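Fold and contact review
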Amino acid sequence: MATLKDVARLAGVSVKTVSNVVNGYSFVKPDNRRRVEEALEATGYRPNLGARNLRRGRTGFIALVLPELSIPYFAELTGLVIAAAQEHEWNVLIEQTFGTLSGERSALASLGPHLVDAAILSPEALQVDDFQLTVPSVMLGEHAVDVPISRVGIDNVAAAQAAVRHLISLGRKRIAAIGAHPHRGTAALRLEGYRAALAEAGLPFVEELVVPALNYHRADGAAAMKSLLDLRTPPDAVFCFNDLLAIGAMRTAAERFVRVPHDLAVVGFDNNEESVYSSPSLTSIAPDKAAIASAAVDLLQRRAGQPDLALEDVQTPFSLQVRESTVAR
């Protein structure tokens, strides 16, 4: 492998000049920089990141702890976090917990300064006493219990209100919700937004129209929709707490010959790629996932350098993407 000395010899400059170019310092003369860059390309030199990070007192890795990579929202977010981390010369270690208490505790126990510089967490089951963090950390979204950790995410209450207001604007009166969950902080906030939008429009909150979901998979949405369609008075609209629940719900509606959106309007949450290509395409709340990833990594960068910084709550934008599941085309 080529060394700094090899590059310096070919470029006709000092090793220090080559090092300055490799490390991105701006005070190198333009002609010297050009010669070094040409020599770097000619020799195929690659910096030793392990040695560089050792000198800087960092590992060069951050952890991303998520429930399930099979859920498109988390898969898409992972790619965006990796891209944002690369801008800070970080690699990303991914830990999948499946949203269980044991999985999340195990993941946190493995995170230490010997392994990672910082961590991005998306917990579902952890309790307050479990948050004994040994590296700077940021949490995505909300948690069911209040914990002293910086957060990045959208306003889930406002987003749920926007979804239900859209359904109300279409003249729907009996609006169901799929996805209530006792341990998911985001679920509690989305349910709060759902109830607020109903109250705002003078519509009653009907307990039988709120169906819990243990998991947020297509099968859970399909099963929930079956129970709703079996009611004496089925809903004329449904707000699902993620897109997979909505896709499952629309499948059940099709099997029961319930037309979407004519008989049943459906709104999802997350705006994953499947929502664009489903038939009918799915109206969905679209969090700015790129902004979430970028804000989380930027916040980690600040906290890694100054761990005593005050806690921050960073809210990122969202929008409602209206498609065929609520407005026929």
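Note on numbering: residues in each chain are counted from 1, in written sequence order. A pLDDT threshold of at least 70 governs which residues receive local features in this predicted model, and a stricter bar of 80 or more applies before side-chain atom pairs are shown or counted, although totals over entire chains, interfaces and linings include all residues. Calculated side-chain values reflect all of the structure's heavy atoms, with hydrogen atoms and water omitted.

Naming follows an unreviewed UniProt entry, where the protein chain appears as LacI family transcriptional regulator of Lentzea indica.

At least two bridges found by DSSP between two strands are what make those strands a pair. Comment: elements are numbered from the N terminus, with helices defined as DSSP H or I runs of at least four residues and strands as E runs of at least two. With parallel pairing, six strands are arranged side by side in an open sheet as β2-β1-β3-β4-β5-β11. Sheet topology places β2 (91–96) and β11 (313–315) at the edges, where each strand pairs with a single neighbour. Ignoring which end each strand starts from, the neighbouring axes of this sheet average 20 degrees apart. Examined bridge by bridge, strand β4 (residues 137–140) and strand β5 (residues 150–153) share three bridges and lie parallel to one another. Within β5, the residue paired with M139 across the bridge is R151. To get an axis, fit a line to the C-alpha atoms, keeping to the stretch in contact for a helix; angles then go from 0 to 180 degrees between the N-to-C directions.

Split into domains, the protein chain comes out as domain 1 (4–47), domain 2 (59–154 + 289–317) and domain 3 (156–286). The contact criterion used is simple: two residues touch if any of their non-hydrogen atoms lie within 4.5 Å. Taken residue by residue, the interface counts 12 residues in domain 2 and 17 residues in domain 3. Buried area counts how much accessible surface, traced with a 1.4 Å probe, disappears from two parts once they are put together, with both parts' losses summed. Between domain 2 and domain 3 lies a buried interface of about 1200 Å² when both sides are counted; carbon and sulfur atoms form 52% of it. Of all residues in domain 2, the largest losses of buried area upon contact with domain 3 belong to E124, E142 and I154, amounting jointly to 40% of the total for that side. For this document, the term salt bridge refers to a Lys or Arg side-chain nitrogen within 4 Å of an Asp or Glu carboxyl oxygen. Where domain 2 meets domain 3, there are one salt bridge. Domain extents, as shown, originate in an automatic or database domain assignment.

Each patch is built from residues that are more than 30% exposed by relative accessible area and take part in no salt bridge. Like charges join if they lie within 9 Å; nonpolar side chains (Val, Leu, Ile, Met, Phe, Trp, Tyr) join within 5 Å. To be clear on the numbers: accessible area is Shrake-Rupley with a 1.4 Å probe, and residue cover counts the displayed protein chains and nothing else. A contiguous nonpolar surface patch, about 210 Å² in accessible area, is contributed by F61, L93 and L115. Each residue gets one of three labels from its accessible area relative to the maximum for its type: buried under 20%, exposed over 50%, partly exposed in between, using a 1.4 Å probe on protein chains only. Owing to a relative accessible area of 31%, L93 belongs among the partly exposed residues under this scheme.

Another point: the environment of L228. Counting through the fold element by element, L228 comes out in helix α9 (residues 218–229). When near neighbours in sequence (up to four residues on either side) are disregarded, L228 contacts A176, I178, E208, L209, V211, P234, P235 and V238.

The description of an aromatic ring pair rests on the distance of the ring centres and on the angle between the ring planes. For Phe, Tyr and Trp, where Trp contributes only its six-membered ring, two rings pair if their centres lie within 6.5 Å, and the inter-plane angle classes them as stacked under 30 degrees, edge-to-face over 60, or tilted in between. Tallying each qualifying case throughout the model produces four aromatic pairs. Look at Y73 and F74: their rings are 5.3 Å apart centre to centre, the planes differ by 75 degrees, and that puts the pair in the edge-to-face class. With a relative accessible area of 11%, F74 lands in the buried category. Ring centres 6.3 Å apart and planes at 75 degrees place the aromatic pair Y194 and F205 in the edge-to-face group. Of the two residues, Y194 sits in helix α8 (residues 185–200) while F205 sits in the loop between α8 and β7 (210–212), which places them 11 residues apart along the sequence. On the basis of relative accessible area, Y194 is assigned to the buried category, the value being 0%. Residue classification places F205 among the partly exposed positions, given a relative accessible area of 26%. The structure contains a cluster of three or more aromatic residues connected by ring pairs, namely F239, F241 and F269.

Moving on, we come to helix α6 (residues 101–110). Residues G103, E104, A107 and L108 constitute the buried set of α6. Viewed end-on, α6 has its buried residues packed into an arc of 130 degrees, placing them on one side of the element. Summarising the geometry of α6, the exposed residues directed more than 90 degrees from the buried face are S102 and A109. Structurally, α6 contributes buried residues whose contacts are with β1 (61–66), β2 and β3 (118–121). Here the arc refers to the set of directions running from the helix axis out to each C-beta atom.

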